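Here is how the chains run, residue by residue.
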Amino acid sequence: DNFNFRVPGVPWLIFHIIEKIYIEGASSYRKGVYQYADLNRLILKLDKSGAEILVKLLEENNMEIPAYYVLRRLASEFNMGLSEPLKEIVEKHADIPQQITDAYKINDLGDVWPKLWGIR
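Residues numbered from 1 in each chain as written. Predicted model: local features only at pLDDT ≥ 70, side-chain atom pairs only at ≥ 80, totals over all residues. Heavy atoms only, no water.

(A) Representation of helix α1 (residues 10-27) within the structure. Taking 1.5 Å per residue as the helical rise, α1 with its 18 residues ought to reach 26 Å, and the 26 Å between its terminal C-alpha atoms agrees with that figure. Of the residues making up α1, those classed as buried are Pro11, Ile14, Phe15, Ile17, Ile18, Ile21, Tyr22, Glu24, Gly25 and Ala26. Buried residues along α1 sit against α2 (35-43), α3 (48-60), α4 (64-78) and α6 (113-116). (Helix = DSSP H or I, 4+ residues; strand = E, 2+ residues; numbered from the N terminus. Expected span 1.5 Å × (residues − 1). Buried < 20%, exposed > 50% of the residue type's maximum accessible area, 1.4 Å probe, protein only. Contact = heavy atoms within 4.5 Å.)

Here it is, written out as structure tokens:
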């Protein structure tokens, strides 16, 4: 009838899905893979300015490494391209840091893809 709903913008929705896939994938087996369907649909709606907003959200919330693990699978497993700002995040974090780094400080719990499928 006369209901109004506030819905977050696409960058915020994608940020939330990345976080959810990563946290669920890092903490349990066989949970979260279905959320890639939502991520795939939303990525198609993300324009360049939205991608820049998403990158800023990831940077501000220490979620670049989780985004690396989640987003890199879009190309390899779903044959989806990423916009330039998102490609840069994936490329930036493809190499292991050369300096001694505490994995927990950079939010690096490892690749969640195998766990999503029940593989250790």
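(B) Local environment of a nonpolar patch on the surface. A surface patch of nonpolar side chains, amounting to about 440 Å² of accessible area, comprises Phe3, Phe5 and Val7. In this structure, Val7 sits in the segment before α1. (Patch = residues over 30% accessible without salt bridge, like charges linked within 9 Å, V, L, I, M, F, W, Y side chains within 5 Å. Areas by Shrake-Rupley, 256 points an atom, 1.4 Å probe, with all protein chains shown as cover. Salt bridge = Lys/Arg side-chain N within 4 Å of Asp/Glu carboxyl O.)

(C) Seen up close, the environment of Ile53. Inspection of the secondary structure assignment puts Ile53 in helix α3. Spatially, the C-alpha atoms of Ile53 and Trp12 are 8.5 Å apart, while their sequence positions differ by 41 residues.

(D) Fine view of the packing of aromatic side chains. For the structure on display, the rule yields eight aromatic pairs. Ring centres 6.0 Å apart and planes at 10° place the aromatic pair Tyr22 and Tyr69 in the stacked group. Pair noted here: Tyr22 is in helix α1 and Tyr69 is in helix α4, with a separation of 47 residues, a long-range link. Members of the aromatic cluster, connected to one another through ring pairs, are Tyr36, Phe78, Trp113 and Trp117. Over the ring of Tyr29 we find Lys115; its NZ or CZ atom is 5.3 Å from the centre of that ring. (Phe/Tyr/Trp six-rings, centres within 6.5 Å; stacked < 30°, edge-to-face > 60°. Lys NZ or Arg CZ within 6 Å of the ring centre and 35° of its normal.)

(E) Broad picture of the packing of α4 against helix α5 (residues 84-92). Look at α4 against α5: their axes get within 9 Å of each other, and the N-to-C directions meet at 105°. Taken together, the axis directions place α4 and α5 in an arrangement best described as roughly perpendicular. Residues Glu64, Ala67, Tyr68, Leu71 and Arg72 of α4 touch α5, and the partners they reach there are Leu86, Ile89, Val90 and Lys92. Per-class residue counts for the contact of α4 with α5 are six nonpolar, no polar and three charged. (Axes fitted to C-alpha atoms, helices over the stretch in contact; angles between N-to-C directions. Parallel < 35°, antiparallel > 145°, perpendicular 65-115°, else oblique. Nonpolar A, V, L, I, M, F, W, Y, C, P; charged D, E, K, R; others polar.)

(F) Expanded view of the pattern of salt bridges. Per the counting criterion, the structure on display carries nine salt bridges. Between Asp111 and Arg72 there is a salt bridge, with the nearest N and O atoms lying 2.6 Å from each other. Linking Asp111 in the loop between α5 and α6 with Arg72 in helix α4, this pair joins segments that are 39 residues apart in sequence. Among the residues examined, Arg72 registers a relative accessible area of 26% and is labelled partly exposed. Connected through shared salt-bridge partners, Arg72, Arg73, Glu77 and Asp111 make up one network.

(G) Summary view of the confidence of the model for the chain. Taken as a whole, the chain shows an average pLDDT of 91; of its residues, 100% reach a score of 70 or greater. Looking across the chain, the model is least confident in α6, with a mean pLDDT of 90, and most confident in α3, with 97. (pLDDT = per-residue confidence, 0-100.)

(H) Up close: the side chain of Glu24. As for its position among the elements, Glu24 is in helix α1. Overall, Glu24 belongs to the buried group, its relative accessible area being 12%. A polar atom in the side chain of Glu24 sits 2.6 Å from the side chain of Lys20. Beyond its immediate chain neighbours, meaning those up to four positions away, Glu24 contacts Lys31, Gly32, Tyr34 and Gln35. (Polar contact = N/O pair within 3.5 Å; in protein donor to acceptor, adjacent residues only side chain to side chain.)

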